[in-house]
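Structural overview
Residues per chain are reported as follows:
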Amino acid sequence: MKELSDKDVKTKYDEDAEQTIQTYLPDLNIADENSFRLYNSFPDSVIKTDSQGYILECNNNGLEFLAISRNEIIGKHLTEFLHKSSLNVFRDKFPVLKKTGFVEGEIKVVTSENVVIDVWRKGVRLDDRKGNFMGAIIVDRDISAMKKTEKELLEYQQILKENEKKYHTIYEYSSDAIMLLAPPEWNFTAGNPSTIKLFNAKNEKDFLAYEPWKLSPEFQPDGTPSSEKAPLMIKRAMEKGRNFFEWTHKKISGEEFPATVLLSQITLNRKKLLQATVRDVTSQKKAEKELKSSKDKIDQLVKLRTKELHESEENYKLIFENTTDIYYRSNKDRVITSINPTAVKLFGAKSSNELIGLNSRDFYFKPEDSDVFGEELRKKGSVERYLLKLKKSDGTPIFVETNSKILYDDNGKFDGIVGVMRDVTQRLEQEKQLHDHKEHIELINKILRHDLSNNLAVIKSAIAIYKKGKDPSMLDEASNRCLSGSQLIRKMKNLQNVIDTNNKLRPIRVTRVLEGVKKNFVSVQISVKGQAFVMADDT
């Protein structure tokens, strides 16, 4: 829209100003104060000046308009109530008024309270009885509201232009076929480049030569004639504002293909039209057919894939809410802004809303670990499989591994953190049990090696002595040692069974226990040699 011009404003200016000036001009030429007071009934500001521009009189509306009293305004110069941007207007136009008898235009007036007001000013020359220039009648009308309305209209039109530009970009570069249909016949009136390509048309003109049902087979898969079903789909879209459905289309070259169609009601140039968005789902239908005989889980995956083609937002929501890992996002103040339902169960909360808004420090078993993690992220930009010790709402410690990275705004400044966490508490516990079990096995092996080595040494010596002296007692000693080794192996096996059934047992050094006893019983003399171990729990 063009800016407000003199001509535009003049058409908006009520003609009563000129009529009033012409009605009372003879009296004003005589400079009769009683005659001038007739202007008090006029809705605009009316000022009478001398030949130099000094104010001689002002009507009541003018006084109210300028927020000043009659005594204060008399004798002041017109320029005292002009904004600095309008001072040149007086210098340029007052001589013109004197010469031509009439001037008008837009200026900015400043009231006694320093309020700047846009006005449309008309000036009429006043002459004395001899025709000599004696002053002027100045009529001001407040056009601020009109200027505001014009500004809002300009902003609205700018928004319309921007939206139109966005729509045009989407229309031209969309990978989906987009076309427009106009009533009453609902023929195609436009088609984007993807439409031309989809239907194998030579160009847009070639495509527009076909009626919608001519680009469909005679019958739809449900047996309904395309020429009957198409108007029903259009009617439903006009009634509800939109209509999404599956349809079998036909290319100009004759090949049929399955498609999804979204009919959306739009208004263009004050006319109601339908925008049709057509997507070829041939590959999708092929996948559905191949997976039709699969199990329920595969069947659900096919449906999810089908949705993904035209409802990516739903797909994201489904993944977000059903993943076994925790997805989180925090802002630059480390406040949680997004977290998925998996976190609710892990942290023992009632809902996601209970967690959103909390500071990430609130989740750490040791709050200072949050600063260590943050510093590591700032240093590297991202981390993988970083181990954190967090806590549930009741204080129970939990361990998670996280892949996280820093987010930056358009200016490259820190804007938050996004990441995925996985609960590894059970895995770490199992790893600890495995480590303890390994220690148990090593202890048993150590005991077996020691005692069996002793028994074998004795057996070897007994056999050597028997060979020399044929002493039967040496055979008895060797036999006893073999029996002792067998019993030891059986005891170690029983010990292993105890360890396996009670994984809380762990090797305890006897010297450590005795040292504790010695502290409590100072008078008792205790002497310990060697490094003996026993299997016991912490109690």
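See above for the structure.
Residues numbered from 1 in each chain as written. Predicted model: local features only at pLDDT ≥ 70, side-chain atom pairs only at ≥ 80, totals over all residues. Heavy atoms only, no water.

Let us look at the pattern of salt bridges. Throughout the structure, instances matching the rule amount to 16 salt bridges. For the salt bridge of Lys214 with Glu211, the shortest nitrogen-to-oxygen distance reads 3.7 Å. A salt bridge links Arg385 to Glu401, with the nearest nitrogen and oxygen atoms 3.3 Å apart. Of the two residues, Arg385 sits in strand E13 (residues 382-391) while Glu401 sits in strand E14 (residues 397-408), which places them 16 residues apart along the sequence. For Glu401, a relative accessible area of 14% translates into the label buried. (Salt bridge = Lys/Arg side-chain N within 4 Å of Asp/Glu carboxyl O. Helix = DSSP H or I, 4+ residues; strand = E, 2+ residues; numbered from the N terminus. Buried < 20%, exposed > 50% of the residue type's maximum accessible area, 1.4 Å probe, protein only.)

This brings us to the side chain of Lys251. Mapped onto the elements of the fold, Lys251 is located in the loop between strand E8 (242-250) and strand E9 (256-268). Buried within the structure, Lys251 lacks any salt-bridge partner; its nearest side chain of opposite charge belongs to Asp280, at an N-O separation of 4.8 Å. If we ignore the near neighbours within four places in the chain, the residues touching Lys251 are Leu198, Phe199, Asn200 and Phe257. (Lys, Arg positive; Asp, Glu negative; His and termini not counted. Contact = heavy atoms within 4.5 Å.)

Another point: the pairing of strand E3 (residues 102-110). In this sheet, strand E4 (residues 116-127) lies alongside E3 in antiparallel orientation, the contact comprising nine bridges. Bridging from a neighbouring strand, Val109 pairs with Ile117 of E4. A loop of five residues connects E3 with E4, the two strands running antiparallel in sequence, and Asn114 in this loop sits at a positive phi of about 65°. (Pairing = 2+ DSSP bridges.)

Ordered by their spatial adjacency, five strands build an open sheet running E2-E1-E5-E4-E3, and the pairing between neighbours is antiparallel. At either margin of the open sheet sits one strand with a lone partner, and together these are strand E2 (55-58) and E3. The mean inter-strand angle of the sheet, taken between neighbouring strand axes irrespective of direction, is 25°. In this fold helix H6 (residues 87-100) packs onto strand E1 (45-50), E3, E4 and strand E5 (133-142), with an angle of close to 150° to the strand it touches most, E3. (Axes fitted to C-alpha atoms, helices over the stretch in contact; angles between N-to-C directions.)

Turning to the nonpolar core, a few remarks are in order. If you look at the biggest cluster of nonpolar residues, it comprises 24 residues, and the most contacted ones within it are Met179, Leu181, Phe199, Phe207, Leu263 and Val278. Elements represented by at least two residues in this core include exactly strand E6 (177-182), helix H8 (193-198), helix H10 (226-240), E8, E9 and strand E10 (271-280). Not counting residues up to four positions away in its chain, the partners in contact with Leu263 are Met233, Ile234, Ala237, Gly241, Arg242, Asn243, Phe245, Gln275 and Ala276. (Core = buried A, V, L, I, M, F, W, Y, C linked by side-chain atoms within 4.5 Å.)

Note: E13 against E14, eight bridges, orientation antiparallel. Its bridge partner lying in E14, Leu390 is registered against Ile398.

It is worth spelling out unusual backbone geometry at this point. Here the residue pair Pro183 and Pro184 is connected by a cis peptide bond, since its omega of 0° sits within 30 degrees of zero. Considering the arrangement of structural elements, one finds Pro184 in the loop between E6 and strand E7 (187-191). Positive phi outside glycine occurs at Asn200, with the angle close to 60°. Structurally, Asn200 is set in the loop between H8 and helix H9 (204-208). At Arg385, a residue that is not glycine, the phi angle is positive and equals roughly 50°.

Below, the discussion takes up the packing of aromatic side chains. On inspection of all chains with the given rule, the structure shows eight aromatic pairs. Aromatic pair Phe347 and Phe363: ring centres 4.9 Å apart, planes at 65°, arrangement edge-to-face. Note that Phe347 is positioned in helix H14 (residues 342-347) and Phe363 in the loop between helix H15 (352-355) and helix H16 (368-380), a separation of 16 residues in sequence. The residues Phe347 and Phe363 share a single accessibility class, namely buried. In this structure an aromatic cluster arises from ring pairing among Phe188, Phe199, Phe207 and Phe257. For the cation-ring pair, Arg378 lies above Phe414, with the distance from its terminal atom to the ring centre recorded as 4.8 Å. (Phe/Tyr/Trp six-rings, centres within 6.5 Å; stacked < 30°, edge-to-face > 60°. Lys NZ or Arg CZ within 6 Å of the ring centre and 35° of its normal.)

Moving on: the sheet that holds strand E12 (residues 336-339). Strand order in the open sheet formed by five strands is E12-E11-E15-E14-E13, and the pairing between neighbours is antiparallel. Each of the sheet's edge strands pairs with one partner strand only, and the pair in question is E12 and E13. Taken over all neighbouring pairs, the strand axes of this sheet differ in orientation by 30° on average, direction set aside. Across the sheet, H16 touches strand E11 (326-331), E13, E14 and strand E15 (414-423), and the angle it forms with E13 is around 175°.

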